[in-house]
Structure formats: structure tokens, C-alpha cells
Amino acid sequence: MEMEEVAASEKLLPKSYRSNSPEEVRLLAIAENFQRQYSHLCPDRKPLLLCPVNECGVKKFVSTSLRPTPTIHCELFDWQGCASFVADFLSLVPLDPPVELPKVLSSPTSVLQSQRATCFEYATLLCSLLLGEDYDAYCVSGYAVKEMCLLDQSLQQCPLLDPEVKAVQDVTPEQKDQDDKYSVKLQLQLKSRFLAEQEKKKQEAEAALLVKQKQQEEKDRQLADPLRGLRVHCWVLVLSGCRDVQENVFIDPLTGISYPTNSDNFLGIESVWNNLNYFVNMQNCSNGCADMMFDLDDLKTWEPVLFGASSKKQLIQEVLKRKEAKMMGKGNLVQEGVPNVLDMPRSWVSYIAISTEALKNRWPGGKKVIRYKQAQLERFATSKTLYGVVTRLTKYKDRGCTEVATVKEWYQDRSDFLEEKEVDNINKITTERFRHGRKRHLLFLRVKSLTVGTEVEMHFSGARVDDLVRRVLSPKELIEFFEGRSDFLHYRHVYFKTHIQLLSENSHTEEVPILKVVERFHRNGSKPANEDVAERVFLIPEKLIELNYHLTEDRLIPSKISFIKPLGSEKRNAQEISLDMISTFQVDLSAKPFTAVTLHKMLVELMEVEVKMRDVVTLREKETKEMKLWSRAAALVHSRKQKKENGELKNILQKYLSEEIDKDQDVKKEGLNPYFDIETEEKIKIIQEQYMKDIAEVEKTQEWLKMKLDELRKHRERDQQHHCDEIRSQVKAAPQQLHMDMRSGEETHKDVQEDLCQELQLSSHS
């Protein structure tokens, strides 16, 4: 049955897949003749990969399996994008046995459908894309280390680890000196030369020991592989000269990583080929690829199968010559006397079409896992992930990868605007980063577990109404930073009497015990310095308020005012304010002192500010708690949206929200556990509360709308009645106006007749 299905699927393929053209038949004969001569002249070398069979069992020359394909996707316009796509989209099928060439080389179109490929099929697809983007690319058949052939990256450092440290290390000393050119030079610090030399020797010894350990590990790895130098591998060579490629590079299609041509990972080359010709390496590879030359036109180092066939460089030169001749007015120059050489037939492979969906969800099965040194990288397709996570990087403490150190996740299309999340299990720190547009304009959230309580740090965008940009809240204190406020406030520090419990269900935010509040202000140039407050201190238990003003240019100490709040100021029966409660210190004796009325007004305003301050602190703690709980439930909300089409989840939530399920029973039995791996009753409670709030808000909005509609209806009725009354009055006045006009017309007509008669009489007498 399976054989019949395979035969039926082969019939659906184009004719070029199932048969050979006369040019291809002739090329196969030339290739077989070349293989016989090569085996006779080089009996100690392995056979070449010239004519493997395709997925239909038909022999095809390897160069004709390359189909140069330009793409419409901007992500694939350079070699980095092409290599990354091929490495991500396909899953490896190791060669079996690993020391022999494959007998089957499927077309790139079939490989894209199955998403399974050998290293040769990897390289064929990648080379086809690179040729379509005008790179001088070649498939390379040779030998590589075990880790590269088996796609084992467990000994390599993950490229996503510590990118900031790498960026700092890439800064050259010249750039650093240039950056520090105009910086303030600190005083010279006295240091011991002896200690500096000892430290330098210590660092050199540690570096030498590290290098020695790496060399020993490399030797152990080489000795551990009995097939070293025999494992067959295929990769891509990109020559310089096209698309601004400055140096020749190797690209491993399994990982998409580029290497210099003298890399130790590549142990030898048998042959290279592109869509124009096939070249056999005639150089010694006892030292790997370090000493190899890649001038394919040099017949001493590379032997072509099609002698005299045009190369990419020759084609470029011919095009340039034709353009030059056309500009000079000589027309097309036709070379005579050149022997007729067999050029490479057209590729038998159909157009390689890459859809946008394949480019977006490129991981086979929706997920790909890569093991690195003490790290694991997971990538997910956007349509397959449940919580919007597209990348997860797990770092371990030990080489055995048994104890997790940190977990970092990247997200896309989250309803809570979450982009990155990092959990540090060592330092007990959770960090979240958001894109613009989140609730209350939050951009950064860091939660750190302390010995007692939790510390929360938040960064905001500049779009907040209160111009808050940063907040640090701990059990002992609250610190806030502002930018661009109209009152010039830039810093606020609140000290608590007792430790407050943050992010806890048992914490109450109605009353926060405040010990002290310190506020600092920038200089307001529109006021004199002795009238511009620089610092404001509220000592709550002492019922004391202190104002420190900005320094004047010729003074060393600022002016100060201290207020003692009257007894019962928090209640209505407060004691009357007297001048004994106010003490002032004026630096400039010539300046006009504050009047008693002004000081009284200032104290009243400061007491009102203190009352508002308590509300602000309570609101800040409540806001911090809500933000964190919102972050905890974000995955639940996002997954609920993704599962909206699935009626099972919807029915479960509706049953819970309608309290048809007993809250004490295990919700997991109702089917929630398959959707939420971190499900707790706390999150369900949050959703239920939000659900009830939304219902109340909708009802309130409907009532307001109904009230407004009634008012609008009455207003429109009054307008219409007024308009009708005006029309009735106009209709009623129309006959009277007509009668008046008619009388006026008759009188005018009568007067004209009388004048006319008089004129006639006068004319008769004359």
C-alpha cells in the first residue's frame, strides 16, 4: 500500500523529476567517464559524489540539483537570513554510515515539504538560495569533526548568553580613549608596582592554564572519536568578490554559522560544485583546510569536470565587456574560434517557493531544542506556543545540566505587552520587560526576594500623567524618580515605620505606616533662590515639616523653615495655628521675610499635601501589587485568547465564573490543567474579579448612556417644538403680510393712475 502511495506521489511530480533530457543523459555519460578516470588516477581517494539518485530514483548530476532562486522575502536577501532559515526550518537526518556519501539526494522542493534532510540536502537548499541572491556559492563535500556532523553543540557557548558583556569586550582601546577624551580626569591614585606586576602574573597564569585545559579537552575529544577525519560532511563555500563579501567563508548549513576557511572544524575537502561546474580538489589536506587555495580557475589545484565551461567570474566579465562595447558603439562582440563546450544543462528542480507562513513558523513541529554548554535554547513557532513565548534560554549551574540557574524567555503578540522575562534562581530575581502601550506605561519590572520581604523596581515611559519614570518599593521604603514635572519635583523618598508585605494576598493597603517623607525639587529659574524650595521633609510622628530652599550664588548654607503641626490636625477639631509653631532661618538678612499670613497659608497647604501624600503612598503600593498580579495572570489571559475557538476552555471558565463548580473542589479535574501549567486558584480569582468589574462597568455605562439618551431626547423634543412654533407663527403671519402687500400694491397702482391722468390733462392743455 505504501509503495502504491509513493508511486502515485511520484506521478504528481514534474516530468523533469522522473526522466532525463538528452543534455542530462550526455552529462551523465561524461560524469561516469570522469569517475572512472579519477578512480584510476587516484586509487587511494574515495569516490566522488557526482550522480546520486533523486527522490524518484532517477540519476541526476549534482550541479543540476541546484536551482538558483531569488526570493521576495526581505529576511532572505543576505546570506545570514538564508542560512538561519535553512538551519531552523529543517531537521537533520544523519548519514548512515557516517563515513560514506549518500546514495540519494532529494530536490530542495521535496526537502521543504518534509522538513527532513541530510547535510548534503541542507547545503543544496542553502546554496540554491545564495545563488539566487547573487552570491558566488558552492556546495562542498568533505570531512568535518564529529560535533559538526552530528549537530552536537553541547561544547559550544550559546550565542545568546551575555550579549552585553560581548558588546563591551568588542570596544577597542582607541574607541575607549576617544570616548573618555573629554571626560573629567580624576586625581592620580597611588598604586604599588609590585602588586600590579603580581596581579598581572596571576592573570597570565590563569589564562595560560585555561588555554592548556582547552587544548587538553580538544585532544581528549579527538582521541575519543575513532572516525576523526573520516566523517563525511557537506557545507557551503562563499567566495569573495560578490555582494560585498571581503573574504572566503565557510557556512555550516546545519547551524547557519559562518567560519573562516582555516577553521579546525573542517578536516578536508574532496570536491566543490555550483550550478555551472564541478571541481575536484587536487591539494593536500593533511593540515585540514588551513593551507588551501580557492582559485577554482587554477587547474593545478582544482580539476573541473566540464573543461572550458564558463564560470561565474567569466560570465560577469563577459557581461561587463558587452556593456562596455555597447557604450563604445561597437555593438555585440562575438568571439570566433572558441570551441563549442558543453555547458551545464538547466536545473531539473522546480522553482523553490518559500511561503510567508513557512518563514514565520519555521521550526519543525513548531519547536526546536538546541543543547549548548551548560545551556539549552528552545525556539517555538508563534502559532504553536500557548503563552506567546517564541524563545526560551535555560542556563544551568553544572555541566550535567541538572540544576537550573536562570531562565530567560522572549515573547510576541502578548496582550499584556510582555517582551522579555528572566528568572534568576540564584539571586531570587525576576525581571520583566514590556513594550510601549502597557497599562500605566510600565516598561520594566524587577522583583527581588530579600531576607525579609520583597523589593520591586519599576521603570515607566514618559507618558504618565504624574511624570514618574522609576519606582523602587521595598518593605522598608519607597523611592520614586520624576522627570519633566511642572512643579520641578524629581525625587521622593518614603520611609515606613514597619515592614510592609508586598505582592501578598494577606497584605492590606488601606493604611501604610509612614515614618518620614523626603521630596526634592529642581531649581525654578522664575523664582529667587531663597523662595524656591529645594527639599521638603515630612516627619510624621514628630508632626514636623521642614523646608530647605536652594542655595544662592554667594551663600554656603540655604534658608530654612520648620513647621510644627497643631494638635489634632488630622481631625476637624484642630488646634489654632500660632507663630510659635513656625521657626525660620533667613540667610539673606536684607531679604524681605515671610509675613505671618504667608507662613500660615504655607502650613495649611503643607498639611493638605501630607494628607494627599498618604493617599499617594497607599495608591503606589496597591498599584505595584496589581501590576505584579497582572503579570502573573498574563499567560492565562493570553492562552485564553488563543483557545477562544475551542469551546472546552470557554465552557469551563463560564462554569467557574457562574459558580456552578464548587470553589473547594479541584479545578484541575475540570480540564484546566492541560491549558495552564502554572494554574492556581489565585489566577482564577483574579479573572473572576476582573469579570465582575467589567460587568459592573458595562452596567454603569449602559445606565449613563440611557440617562444621556433621555436627556438628549428631551432636548431634541424641545428644539423640535420650538422649531414648529416658529414655523406656525410664520405660516400665521403669511396671509397678513400678503394682505398688506396687496393693499400697498393697490394704493401704489391708484397713485400711478392719478399721476398719469394728471399728466394727460396737462399735455392736452399745452
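Residues numbered from 1 in each chain as written. Predicted model: local features only at pLDDT ≥ 70, side-chain atom pairs only at ≥ 80, totals over all residues. Heavy atoms only, no water.

A. Spatial organisation of the overall build of the chain. For the chain, the helix and strand inventory stands at 16 helices and 25 strands. Sequence separation of 24 or more characterises 55% of the internal contacts of the chain that already satisfy a separation of 6 or more. Accessible area of the chain: about 47800 Å², with a carbon and sulfur share of 53%. (Helix = DSSP H or I, 4+ residues; strand = E, 2+ residues; numbered from the N terminus. Contact = heavy atoms within 4.5 Å. Areas by Shrake-Rupley, 256 points an atom, 1.4 Å probe, with all protein chains shown as cover.)

B. View of a nonpolar patch on the surface. A contiguous nonpolar patch, built from Leu 556, Ile 557 and Phe 585 and spanning about 350 Å² of accessible area, is present on the exposed surface. Of note, Leu 556 is situated in the loop between strand E23 (544-549) and strand E24 (560-564). (Patch = residues over 30% accessible without salt bridge, like charges linked within 9 Å, V, L, I, M, F, W, Y side chains within 5 Å. Salt bridge = Lys/Arg side-chain N within 4 Å of Asp/Glu carboxyl O.)

C. Quick peek at the sheet that holds strand E6 (residues 257-260). With respect to topology, seven strands assemble into an open sheet ordered E6-E5-E4-E3-E7-E8-E9, the strand pairing being antiparallel. Single-partner strands in this sheet number two, and they are E6 and strand E9 (302-304). The sheet shows a mean angle of 35° between the axes of neighbouring strands, direction not considered. Of the strand pairs in this sheet, strand E3 (residues 137-144) and strand E7 (residues 266-273) are connected by six bridges, and their pairing is antiparallel. The residue bridging Cys 139 from the neighbouring strand is Trp 273, located in E7. Packed on one face of the sheet, helix H6 (residues 119-132) meets E3, strand E4 (232-238), strand E5 (249-252) and E7 and runs near 10° to E4. (Pairing = 2+ DSSP bridges. Axes fitted to C-alpha atoms, helices over the stretch in contact; angles between N-to-C directions.)

D. Here's a closer look at unusual backbone geometry. Of note, the bond from Asp 96 into Pro 97 is cis; its omega dihedral lies within 30 degrees of zero at 0°. Counting through the fold element by element, Pro 97 comes out in the loop between strand E1 (91-92) and helix H5 (108-114). Phi at His 441 takes a positive value of approximately 60°, unusual for a residue other than glycine. Here His 441 is to be found in the loop between strand E15 (429-434) and strand E16 (442-449). Even without glycine at this site, Lys 543 takes up a positive phi of about 55°. Here Lys 543 shows up in the loop between strand E22 (533-539) and E23.

E. Structural context of helix H3 (residues 22-41). With 20 residues, H3 extends 29 Å between its outermost C-alpha atoms, agreeing within 8% with the 28 Å of an ideal straight helix rising 1.5 Å per residue. Along H3, the positions that sit buried rather than exposed are Glu 24, Leu 27, Leu 28, Ala 31, Phe 34, Gln 35 and Tyr 38. For H3, the arc enclosing every buried residue in end-on projection is 125°, short of the 170-degree limit, so these residues lie on one face. Exposed and oriented more than 90 degrees from the buried face of H3 are Pro 22, Arg 26, Arg 36 and His 40. On its buried face, H3 sits against E7, strand E8 (278-281) and E9. (Expected span 1.5 Å × (residues − 1). Buried < 20%, exposed > 50% of the residue type's maximum accessible area, 1.4 Å probe, protein only. Arc of directions from axis to C-beta.)

F. Highlighting the packing of aromatic side chains. Under the defined criterion, the tally for this structure stands at eleven aromatic pairs. Ring centres 5.9 Å apart and planes at 55° place the aromatic pair Phe 61 and Tyr 278 in the tilted group. Taken together, the residues span a long stretch of sequence, with Phe 61 in the loop between H3 and helix H4 (79-89) and Tyr 278 in strand E8 at a distance of 217 residues. In this structure Phe 61 comes out as buried when scored by relative accessible area, which is 2%. What makes Tyr 278 buried here is its relative accessible area of 0%. Through a chain of ring-to-ring contacts, the aromatic side chains of Trp 235, Phe 250, Tyr 259, Phe 266, Phe 294 and Trp 302 assemble into a single cluster. (Phe/Tyr/Trp six-rings, centres within 6.5 Å; stacked < 30°, edge-to-face > 60°.)

G. Focus on the pairing of strand E17 (residues 454-460). Taking burial as the measure, the seven residues of E17 include six buried ones, the bulk of the element. Following E16, the chain reverses through four residues before pairing antiparallel with E17; Gly 453 in that reversal takes a positive phi of roughly 90°. Sheet topology note: the E17/strand E18 (residues 468-473) ladder contains four bridges and is antiparallel. Directly across from His 459, in E18, lies its bridge partner Arg 470.

H. Geometry of the state of the cysteines. Within this structure, the stated rule accounts for zero disulfides. Cys 139 takes part in no disulfide bond, and the closest cysteine sulfur to it belongs to Cys 127, at a distance of 4.0 Å. Not part of a disulfide, Cys 289 finds its nearest cysteine sulfur in Cys 285, a span of 5.7 Å. Looking at Cys 289, the relative accessible area reads 1%, which means it is buried. (Disulfide = S-S within 2.5 Å.)

I. Main features of the confidence of the model for the chain. Per-residue confidence for the chain averages 78 on the pLDDT scale, and 71% of its residues sit at or above 70. Low confidence marks residues 656-680, where pLDDT is under 50. Its contacts with residues over four positions away, or in another chain, come to 39 contacts. (pLDDT = per-residue confidence, 0-100.)

J. The arrangement of the packing of H4 against H6 in detail. The contact between H4 and H6 brings their axes to 10 Å, and the two run at 150°. Compared by their axis directions, H4 and H6 come out roughly antiparallel. Judged by the twist between their axes, the crossing of H4 over H6 is right-handed. Residues Trp 79, Cys 82, Ala 83, Phe 85, Val 86 and Ala 87 of H4 pack against Tyr 122, Leu 125, Leu 126, Leu 129 and Leu 130 of H6. Looking at the contact of H4 with H6 residue by residue, the class counts come to eleven nonpolar, no polar and no charged. (Parallel < 35°, antiparallel > 145°, perpendicular 65-115°, else oblique. Left-handed = near helix turned anticlockwise from the far one by under 90°. Nonpolar A, V, L, I, M, F, W, Y, C, P; charged D, E, K, R; others polar.)

K. Region of the structure containing the pattern of salt bridges. Applying the stated criterion across every chain yields a total of 22 salt bridges. In this structure, the salt-bridge partner of Glu 270 is Arg 45, at a minimum N-O distance of 2.8 Å. Of this pair, Glu 270 sits in strand E7 while Arg 45 is found in the loop between H3 and H4, placing the two residues 225 residues apart along the sequence. With a relative accessible area of 23%, Arg 45 lands in the partly exposed category. Ionic pairing is found between Arg 471 and Glu 480, a salt bridge with its closest N-O pair at 3.5 Å. A residue is classified by how much of its surface remains accessible, and Arg 471, at 1% relative accessible area, is buried. Salt bridges here are not isolated pairs; linked through shared partners, they connect Arg 471, Glu 480, Arg 492, Glu 519 and Arg 536.

L. Here's a closer look at the nonpolar core. Grouped together as the largest cluster of nonpolar side chains are 80 residues, with contacts concentrated most on Leu 130 and Ile 269. The greatest single-element share of this core, amounting to ten residues, is contributed by H6. Excluding anything up to four places from it in sequence, Leu 130 contacts Trp 79, Cys 82, Tyr 135, Ala 137, Val 236, Val 238 and Ile 251. In this structure, Leu 478, Phe 496, Phe 538 and Met 602 belong to the second largest nonpolar core, which totals 22 residues. (Core = buried A, V, L, I, M, F, W, Y, C linked by side-chain atoms within 4.5 Å.)

M. Examining the side chain of Glu 409 more closely. Note on placement: Glu 409 falls in strand E13 (residues 404-411). According to the relative accessible area criterion, Glu 409 is buried, its value standing at 14%. Within the local environment of Glu 409, its side chain forms a polar contact with the side chain of Arg 392, the two groups lying 2.7 Å apart. Filtering out sequence-adjacent residues up to four positions away, Glu 409 remains in contact with Val 389, Thr 391, Arg 392, Glu 419, Glu 420 and Lys 421. (Polar contact = N/O pair within 3.5 Å; in protein donor to acceptor, adjacent residues only side chain to side chain.)

N. Focus on H4. Of all eleven residues in H4, nine are buried, a share of seventy percent or more. Among the residues of H4, those classed as buried are Trp 79, Gly 81, Cys 82, Ala 83, Phe 85, Val 86, Ala 87, Asp 88 and Phe 89.

O. Spatial organisation of the pairing of strand E11 (residues 375-380). Burial runs high along E11: five of the six residues are buried. As judged from the six bridges shared by strand E10 (residues 367-372) and E11, these two strands associate in the antiparallel manner. Each residue of the ladder has a partner; that of Arg 371, found in E11, is Gln 376. Two successive antiparallel strands, E10 and E11, enclose a turn made up of two residues, where Gln 374 displays a positive phi of approximately 55°.

P. Representation of the environment of Gly 462. Examined against the element boundaries, Gly 462 turns out to sit in the loop between E17 and E18. Along the backbone, Gly 462 and Glu 483 are 21 residues apart, and their C-alpha atoms lie at a distance of 7.8 Å.

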